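Residue strings, one per chain:
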Amino acid sequence: MTLIIVLLLIVSYLLIATGHLTGVNKAAIAMFLGTAGWVFYVCYGTDFVMQQHPGEYLDYLAGAQPDSDLVKYFIYDNIFLKYVGKAAAIVMFLLATMSIIELLNNNGCFDFITEWIRTRNSKRLLWTITIATYIISANLDNLTTTMMMLVIMHNIVQSGRQRMLVGSAIVLAANCGGCFTVIGDPTGLILWGDGAVTATHFSAYLALPSLLAWVIPTVLINFQLPDRLDCEWSTSPYRGDDTRLNRWQRFVMLVVGIGGLWFIPTFHNITKLAPFLGALCVLSVLWVVNEAFNHKLMNADQMAQRRIPRAIQYGAIQQMLFVMGIMMGMGVVAETGVFGDIASWFDENIHNIWLIGLCSGILSSLIDTFTVSVSNIMLYPIAEAGDMAQNGAYWKMIAYCTAAGGCLLSVGSTSGVALMKMEHVRLGWYLKNLTPKVAVGWLVGLAVLWLEINLI
């Protein structure tokens with residue numbers, strides 16, 4: 001049965017990696033992996049439980065009434081729910097942050113960005129829009145941030161080729177910006193939630209490498225753009241049926257939303273509660289502010305269709321289902337003991353976590369950033385000392401390599417896939433025009449991370 005579960009995992013990897021060719025949605029693949037894997041696990045539950053949890057299971061049998069389904073109850077209560085809880089915590093955080101960005105966007109809080117980048121100068125437009133992406137993605141969901149910025153860029157830049165270049169820089173900024181904070185990317189959230197890293201230490205080490213992984217390719221992309229971009233500036237969108245907030249009200253909402261998310265690590269350190277609870281608290285406060293500022297429209301029933309944040313939409317649901325499926329699928333594989341065997345083989349034959357990082361970055365670009373990062377996290381438990389200890393080199397290296405390395409190809413992240421769909425970017429074009437640039441930035445950032453960990 002272990003072989004069947006491993007084969008299911010490998011087939012899922014292949015289908016996720018070739019989703020842009022087959023058209024099969026990777027969220028559906030992830031959910032099938034998560035559900036089918038646990039069904040197969042339960043079929044031979046006694047063997048797996050006696051191999052991985054013999055002491056706990058025998059104690060459970062001693063205090064329970066005789067029943068032929070006892071092993072299934074044990075798996076559900078003591079194994080399965082643990083992985084469901086971890087996955088649900090990530091999904092709830094994504095739901096909260098996606099709702100926050102929808103509330104801010106619906107009220108025109110991000111119109112400041114459009115005003116800020118109002119220029120035909122290619123350098124200024126490229127850097128202002130990517131700086132904004134980098135900062136926002138460090139606090140909010142990468143996919144939602146990318147989609148918002150791509151829409152802004154698409155409405156401004158008229159040339160298709162110029163949009164592909166600027167859009168690629170946006171995707172790179174979103175992925176690199178998300179990886180240097182514990183709340184900017186699901187991988188960082190998992191590491192933080194498991195206690196593998198602390199928020200301040202994680203950001204201190206990954207800030208410079210992620211910055212280089214974004215800046216170096218963006219500089220090279222800028223050389224391919226003309227001095228003056230083909231731009232068309234439209235008037236600000238009419239929001240009369242959504243909101244009538246003035247500038248200071250929109251600014252207040254922006255500060256409440258983004259500033260509240262910055263407070264989440266402090267909230268977690270004080271309360272020791274799950275980060276998603278802090279995100280939901282920020283969402284609730286922002287929601288109250290939204291209703292207070294828009295009470296006249298609400299009383300006049302002019303905002304009936306806008307009162308609930310529109311985060312529950314097709315793309316967001318896919319992202320959350322994908323995260324849930326992958327985490328459940330990796331959990332069942334971990335419970336078979338396979339990840340432990342792979343880790344032992346690595347320790348005996350490779351002896352170098354940085355080589356694992358290089359391979360993980362390449363695999364991320366071929367399969368999927370989140371899938372590869374979760375696989376690597378599941379390989380090792382948190383140790384007392386060494387590279388796998390809390391704030392150890394392994395965890396920071398995996399977070400960086402999978403995020404930046406996943407940009408080597410446009411299919412390596414959900415943000416890259418969104419770019420392919422929106423701007424009709426072909427894999428061959430991306431491989432020729434962006435992959436070498438991204439590789440340079442990724443490797444330079446990795447070298448800096450190595451220096452930080454080993455010399456500083």
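These figures come from a predicted structure and were not determined experimentally.

**Some details on the pattern of salt bridges**
Working step 1: For the coordinates displayed, the defined rule picks out 5 salt bridges.
Working step 2: Measuring nitrogen to oxygen at the nearest pair gives 2.7 Å for the salt bridge that ties D368 to K26. Of the two residues, D368 sits in the loop between α19 (353-366) and α20 (369-379) while K26 sits in helix α3 (residues 26-43), which places them 342 residues apart along the sequence. K26 carries the same exposure label as D368, and that label is buried.

**Some points on the nonpolar core**
Here is a general trend for soluble globular proteins: nonpolar side chains tend to be buried in one another's company.
Working step 1: Core analysis: the largest hydrophobic core is formed by 139 residues, its most contacted members being Y41, L104, M149, Y380, Y394, W395 and Y400.
Working step 2: Top element by residues in this core is helix α6 (residues 70-106). It accounts for 16 residues.
Working step 3: What Y41 contacts, discounting residues up to four positions off in sequence, is I5, F48, V49, I75, I79, V332, E335 and T336.

**Thoughts on a nonpolar patch on the surface**
Working step 1: On the surface, a nonpolar cluster with roughly 400 Å² of combined accessible area is contributed by L3, L7, I10 and L14.
Working step 2: Relative to the helices and strands, I10 resides in helix α1 (residues 2-17).
Working step 3: On the basis of relative accessibility, which here comes to 42%, the residue I10 falls in the partly exposed class.

**Points about the packing of helix α14 (residues 264-271) against helix α15 (residues 275-293)**
Packed helices, taken two at a time, are described by their axes: the angle between them and the distance between them.
Working step 1: Running from N to C, α14 and α15 cross one another at 125°; their axes reach a closest spacing of 9 Å. One finds that α14 runs oblique with respect to α15. Judged by the sense of rotation from one axis to the other, the crossing of α14 with α15 is right-handed. From α14, I264, F267 and H268 reach across to α15, where they touch P275, L277, G278, A279 and V282.
Working step 2: Looking at the contact of α14 with α15 residue by residue, the classes come out as 6 nonpolar, 2 polar and no charged.

**Brief notes about the environment of N105**
Working step 1: Note that N105 resides in helix α6.
Working step 2: Placed 61 residues apart in sequence, N105 and V166 show a C-alpha to C-alpha distance of 21 Å.

**Considerations on the packing of helix α9 (residues 142-156) against helix α22 (residues 414-423)**
Working step 1: Contact geometry for α9 and α22: axes closest at 9 Å, N-to-C directions at 25°. In terms of axis orientation, α9 runs roughly parallel to α22. Remark: the crossing between α9 and α22 carries right-handed chirality. The segment α9 lies against α22, with N142, L143, T146, M147, L150, V151, M153 and H154 engaging T414, S415, A418, L419, M422 and E423.
Working step 2: Classifying every residue of the contact of α9 with α22 by side-chain character gives 8 nonpolar, 5 polar and 1 charged.

**Here we look at unusual backbone geometry**
Working step 1: Of note in the backbone geometry, K272 takes a positive phi value of approximately 65° without being a glycine.
Working step 2: Tracing the backbone through its elements, the reader meets K272 in the loop between α14 and α15.
Working step 3: A relative accessible area of 61% places K272 in the exposed class.
Working step 4: One non-glycine residue, N391, adopts positive backbone phi at about 65°.
Working step 5: Here N391 is to be found in the loop between α20 and α21 (393-405).
Working step 6: Judged by its relative accessible area of 18%, N391 falls in the buried class.

**Thoughts on the confidence of the model for the protein chain**
Working step 1: The predicted model of the protein chain has a mean per-residue pLDDT of 86, with 93% of residues at 70 or higher.
Working step 2: The least confident element of the protein chain is helix α16 (residues 295-299), whose mean pLDDT is 64; the most confident is helix α24 (residues 435-454), at 95.
Working step 3: Below pLDDT 50 for its whole length, residues 238-242 participates in 16 contacts with residues either more than four positions away or in separate chains.
Working step 4: Scored below 50 in pLDDT, residues 303-312 makes 24 contacts in the model with residues more than four places away or belonging to other chains.

Calculation notes
- Residues numbered from 1 in each chain as written.
- Predicted model: local features only at pLDDT ≥ 70, side-chain atom pairs only at ≥ 80, totals over all residues.
- Heavy atoms only, no water.
- Salt bridge = Lys/Arg side-chain N within 4 Å of Asp/Glu carboxyl O.
- Helix = DSSP H or I, 4+ residues; strand = E, 2+ residues; numbered from the N terminus.
- Buried < 20%, exposed > 50% of the residue type's maximum accessible area, 1.4 Å probe, protein only.
- Core = buried A, V, L, I, M, F, W, Y, C linked by side-chain atoms within 4.5 Å.
- Contact = heavy atoms within 4.5 Å.
- Patch = residues over 30% accessible without salt bridge, like charges linked within 9 Å, V, L, I, M, F, W, Y side chains within 5 Å.
- Areas by Shrake-Rupley, 256 points an atom, 1.4 Å probe, with all protein chains shown as cover.
- Axes fitted to C-alpha atoms, helices over the stretch in contact; angles between N-to-C directions.
- Parallel < 35°, antiparallel > 145°, perpendicular 65-115°, else oblique.
- Left-handed = near helix turned anticlockwise from the far one by under 90°.
- Nonpolar A, V, L, I, M, F, W, Y, C, P; charged D, E, K, R; others polar.
- pLDDT = per-residue confidence, 0-100.

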